[in-house]
Amino acid sequence: MTAPAERMRMMRQRRRARGLRELRLVVADARSRSVRRRVAKQVASLDPEREHGALQWIESISEFDADATR
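Here we summarise the structure given alongside this text. Predicted, not measured: the structure shown is a model, and the values here were computed from it. (Residues numbered from 1 in each chain as written. Predicted model: local features only at pLDDT ≥ 70, side-chain atom pairs only at ≥ 80, totals over all residues. Heavy atoms only, no water.)

Observations regarding the overall build of the protein
Working step 1: Across its full length, the protein holds 3 helices and 0 strands.
Working step 2: Counting from the amino terminus, helix and strand elements in the protein follow one another as α-α-α.
Working step 3: Since a compact globule built from 70 residues should have a radius of gyration of about 11 Å, the 21 Å found for the protein marks it as more spread out than a globular shape.
Working step 4: Considering only C-alpha atoms, the protein reaches an extent of 60 × 45 × 10 Å along its principal axes.
Working step 5: For the protein, buried positions account for 3% of its 70 residues.
Working step 6: With the model as given, the accessible surface of the protein reaches about 7100 Å², and the carbon-plus-sulfur share is 57%.
Working step 7: Charge centroids of the protein, computed over 17 positive and 10 negative side chains, lie 17 Å from each other. (Helix = DSSP H or I, 4+ residues; strand = E, 2+ residues; numbered from the N terminus. Rg over C-alpha atoms; globule rule 2.2 N^0.38 Å. Buried < 20%, exposed > 50% of the residue type's maximum accessible area, 1.4 Å probe, protein only. Areas by Shrake-Rupley, 256 points an atom, 1.4 Å probe, with all protein chains shown as cover. Lys, Arg positive; Asp, Glu negative; His and termini not counted. Charge placed at Lys NZ, Arg CZ, Asp CG, Glu CD.)

See below:
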């Protein structure tokens, strides 16, 4: 059996051959109480009028995407 590092190298080569690339993301852990508190604090500080305007803009733009798939 091949070593784990060699298997990973072979897997990456196969993916590259298919036009894929490995991407690693580091994100906040939503299970963490401190992260949830920080997110809640940020959400509470949002301006409802600005957020409403942003959502309206997103909805109006999304109509263009719907036409493109037809």
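Considering a nonpolar patch on the surface
Working step 1: A contiguous nonpolar patch, built from Leu55, Trp57, Ile58, Ile61 and Phe64 and spanning about 560 Å² of accessible area, is present on the exposed surface.
Working step 2: Relative to the helices and strands, isoleucine 58 resides in helix H3 (residues 48-68). (Patch = residues over 30% accessible without salt bridge, like charges linked within 9 Å, V, L, I, M, F, W, Y side chains within 5 Å. Salt bridge = Lys/Arg side-chain N within 4 Å of Asp/Glu carboxyl O.)

Quick look at the pattern of salt bridges
For side chains of opposite charge, pairing can occur when their charged atoms come near one another.
Working step 1: Summed over all chains, the structure comprises 4 salt bridges.
Working step 2: Among the ionic pairs, aspartate 29 bridges to arginine 31, the shortest N-O distance being 2.9 Å.
Working step 3: Judged by its relative accessible area of 34%, aspartate 29 falls in the partly exposed class.
Working step 4: The class of arginine 31 is exposed, set by a relative accessible area of 70%.
Working step 5: Linked by salt bridges that have partners in common, Arg12, Glu22 and Arg24 make up one network.

Section: the environment of alanine 3
Working step 1: Note that alanine 3 resides in the segment before helix H1 (4-17).
Working step 2: Alanine 3 gets classed as partly exposed once you look at its relative accessible area, which sits at 45%.
Working step 3: Along the primary structure alanine 3 and isoleucine 58 are separated by 55 residues, whereas in three dimensions their C-alpha atoms are 48 Å apart.

Focus: H1
Working step 1: For H1, which comprises 14 residues, the first-to-last C-alpha distance of 20 Å matches the rise-based estimate of 20 Å (1.5 Å per residue) to within 8%.
Working step 2: Looking one or two residues beyond H1, the residue adopting positive phi is glycine 19, at roughly 85°. (Expected span 1.5 Å × (residues − 1).)

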